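Structural characterization, general
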Amino acid sequence: MTLNKQNENTNPQPMNGERGGEIWGAQNPEIDRQNPDILVPPTTDKGTMPNLKFPYALSHMRVEYGGWSREVTVREMPASTTIAGVNMHLEPGGVRELHWHKEGEWSYMIKGKARITAISPDGREFVDDVEEGDLWYFPRGVPHSIKGLSEGAEFLLAFDDGSFSENSTFSITDWFAHTPKDVLAANFGVSEEEFDNFPSSERYMFQGKVPGPIAQDLPEDANEFVKNPYSFKLHDVEPIVTNGGKVWISDSNNFPASTTVAAALVELEPGAVRELHWHPNNDEWQYYLEGQGRMTVFASGGKARTYDYQAGDVGYVPFAMGHYVQNTGDTPLRFLEIFKSDHYADISLNQWMSQTPKSLLKEHLPLSDEFIKNALHSDKRPNVKFK
């Protein structure tokens, strides 16, 4: 690849040796610089594939009193049919109002602290404070709320349906606004006047007060706590450590409440690769937290395409397609792998080859005995770095 990189003011061009030529018409060089493998694809790329990248920076921002939210759904990325993602920020005391939805909600805390509340179908109570690196999961139909604590909170929400929209949830204020006062009065056993000053529409997000300690904030007649907590500390998980980085995995095996979403937090060192692999259980939805990298997705049938990612981008890999992720920057690359599944699963190309008879491998590929002995290994090594 020979992108023109003489200086920051020079427009990169789609030229690779004698192939290609300069763009004479309109060009957006900032986008081209962020996507060198789209402007000049590697020679190993071939065929037409769906777009598997969308930056949150191009998502509509919903700005409210108390915070903001933005989402990536099938509307923004048509290939993303299994997962929709919402990036949300709450100011100190900012409230995402009491609500519920048809989809399961999984979350990763990016920064800050928040208080989450919920109630289970059998009436058990849940309240917890979560901070950077923590997870939560609310099953479908379970009502809940999120509130920013003293420093505020920012988090990623993943929903187990790509067509989900954060703008169409079941909100407590919206339900009250669309229920006749005489019905409300009969339901709660009070006069109709009690509801005269209630909101006339959904509040969605609003500015409230920073709460005190949980013990001071609980209902007077609190029920028993839920059997399986809806929150989980991912960094309490023992990571898989290799010479290329670390991987933390969470699914229903260690986070029992999370029955429809499994995930991994991947940390790649500069120059390291999330090894060639695929997932046999579902599509992979990615969120890039830090750094920069690239991914080639092998779609079978002679098709492959390479994409470049920066912090704040969403990536996607359709079911069973082979891929890798390479750190192309000078700092660690951190990203989330998220799946609509109750368990995490992947198949390593290297491990598969190591467990295949040597004679059969050699009939497929011109492999030396030295390669088979030294390059193949029987264990999984998610992140690899050539020394």
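Predicted model, so just to flag it, every value in this text is computed and none were measured. (Residues numbered from 1 in each chain as written. Predicted model: local features only at pLDDT ≥ 70, side-chain atom pairs only at ≥ 80, totals over all residues. Heavy atoms only, no water.)

Turning our attention to the overall build of the protein. For the protein, the count of helices and strands is 8 helices and 26 strands. Considered along the principal axes of its C-alpha atoms, the protein spans approximately 80 × 55 × 35 Å. Long-range contacts, defined as pairs at least 24 residues apart, comprise 74% of the intrachain contacts of the protein with a sequence gap of at least 6. Working note: accessible area of the protein is about 19,600 Å², and carbon and sulfur atoms make up 52% of it. With 35 positive and 56 negative side-chain charges, the protein shows a separation of 7 Å between the mean positions of the two kinds. (Helix = DSSP H or I, 4+ residues; strand = E, 2+ residues; numbered from the N terminus. Contact = heavy atoms within 4.5 Å. Areas by Shrake-Rupley, 256 points an atom, 1.4 Å probe, with all protein chains shown as cover. Lys, Arg positive; Asp, Glu negative; His and termini not counted. Charge placed at Lys NZ, Arg CZ, Asp CG, Glu CD.)

Moving on to a negative patch on the surface. Negative charge collects at one region of the surface, where Asp182, Glu192, Glu193 and Glu194 lie side by side. In this fold, Glu194 is placed in the loop between α4 (181–188) and β13 (205–207). (Patch = residues over 30% accessible without salt bridge, like charges linked within 9 Å, V, L, I, M, F, W, Y side chains within 5 Å. Salt bridge = Lys/Arg side-chain N within 4 Å of Asp/Glu carboxyl O.)

We now examine the nonpolar core. Within the largest apolar cluster, 72 residues are counted, with the highest numbers of intra-cluster contacts made by Trp106, Trp136, Phe155, Trp285, Leu336 and Ile338. Filtering out sequence-adjacent residues up to four positions away, Trp136 remains in contact with Glu105, Trp106, Ser107, Met109, Ile116, Val130, Ile146, Phe155, Leu157, Tyr230, Ser231 and Phe255. Counting 5 residues, the second largest nonpolar core, distinct from the first, contains Met353, Leu367, Ile372 and Leu376. (Core = buried A, V, L, I, M, F, W, Y, C linked by side-chain atoms within 4.5 Å. Buried < 20%, exposed > 50% of the residue type's maximum accessible area, 1.4 Å probe, protein only.)

Let us look at the side chain of Asp313. As for its position among the elements, Asp313 is in strand β22 (residues 313–317). A relative accessible area of 4% means that Asp313 is categorised as buried. Side chain to side chain, Asp313 and Lys53 meet in a polar contact 3.4 Å long. Excluding anything up to four places from it in sequence, Asp313 contacts Lys53, Phe54, Pro55, Gln286, Tyr287, Tyr288 and Asp308. (Polar contact = N/O pair within 3.5 Å; in protein donor to acceptor, adjacent residues only side chain to side chain.)

What follows is about the confidence of the model for the protein. Of all residues in the protein, 97% have pLDDT values of 70 or greater, and the mean over the chain is 95. Contacts of residues 1–7 to residues separated by more than four positions or lying in other chains number 16 contacts, the stretch itself having pLDDT below 50. (pLDDT = per-residue confidence, 0-100.)

Attention now moves to the packing of aromatic side chains. By the definition in use, this model includes 19 aromatic pairs. Arranged with centres 5.8 Å apart and planes meeting at 15°, the rings of Phe176 and Phe188 form a pair that is stacked. Of the two residues, Phe176 is situated in helix α3 (residues 172–177) and Phe188 in helix α4; the sequence distance between them amounts to 12 residues. A residue is classified by how much of its surface remains accessible, and Phe188, at 47% relative accessible area, is partly exposed. Following the ring pairs from residue to residue traces out a cluster consisting of Phe126, Trp136, Phe138, Phe155, Phe225 and Tyr230. Its end group placed over the ring of Tyr204, Arg62 keeps NZ or CZ at 3.6 Å from the ring centre. Cation over ring: Arg203 sits above Phe206, and NZ or CZ is 4.0 Å from the ring centre. (Phe/Tyr/Trp six-rings, centres within 6.5 Å; stacked < 30°, edge-to-face > 60°. Lys NZ or Arg CZ within 6 Å of the ring centre and 35° of its normal.)

This next bit is on the sheet that holds strand β24 (residues 333–340). Taken together, the 7 strands give an open sheet; going across it, the order is β3-β22-β19-β24-β17-β16-β15, and neighbouring strands pair in antiparallel fashion. Strand pairing shows two members of the sheet lacking a second neighbour, β3 (53–55) and β15 (240–242), which therefore form its edges. Each strand axis lies, on average, 20° off the axis of its neighbour in the sheet, ignoring direction. Bridge count for strand β16 (residues 245–250) against strand β17 (residues 261–268) is 6 bridges, and the pairing is antiparallel. If you follow Gly245 over to β17, its bridge partner there is Leu268. (Pairing = 2+ DSSP bridges. Axes fitted to C-alpha atoms, helices over the stretch in contact; angles between N-to-C directions.)

Right, let's talk about the pattern of salt bridges for a bit. Enumeration over the complete set of coordinates arrives at 23 salt bridges. The salt bridge involving Glu224 is made with Arg124; its shortest N-O contact spans 2.9 Å. On the criterion of sequence distance, the pair formed by Glu224 in the loop between α5 (214–217) and β14 (231–233) and Arg124 in the loop between β8 (105–119) and β9 (125–131) is long-range, its members being 100 residues apart. Accessibility expressed as a relative area gives 56% for Glu224, which makes it exposed. With its nearest N and O atoms 3.1 Å apart, the salt bridge here joins Glu337 to Arg274. Residue Glu337 is located in strand β24, and its partner Arg274 is located in strand β18 (residues 273–278); the two are separated by 63 residues in the primary sequence.

What follows deals with the pairing of strand β10 (residues 134–138). Extensive coverage of β10 is indicated by the burial of 5 of its 5 residues. Here β10 shows two buried faces, one formed by Asp134, Trp136 and Phe138 and the other by Leu135 and Tyr137. Bridge count for β8 against β10 is 4 bridges, and the pairing is antiparallel. Looking across to β10, one finds that Ser107 is bridged to Trp136. Where β10 lies against β14, 3 bridges are found, and the strand directions are antiparallel. By the bridge assignment for β14, Leu135 is matched with Phe232.

Right, let's get into the pairing of strand β11 (residues 144–159). Across the 16 residues that make up β11, a large majority, 12, are buried. Of the strand pairs in this sheet, strand β6 (residues 84–90) and β11 are connected by 7 bridges, and their pairing is antiparallel. Across the sheet, residue Ala84 finds its bridge partner in β11, namely Phe159. Here β8 runs beside β11; their pairing, made up of 12 bridges, is antiparallel. Counted as the bridge partner of Ile116 is Ile146 from β11.

Turning next to the environment of Phe255. In this fold, Phe255 is placed in the loop between β16 and β17. In this structure, the C-alpha to C-alpha distance between Phe255 and Asn228, residues 27 residues apart in sequence, is 8.3 Å. When residues no more than four places from it in sequence are discounted, the contact partners of Phe255 are Leu135, Trp136, Tyr137, Pro229, Tyr230, Ser231, Phe232 and Ser250.

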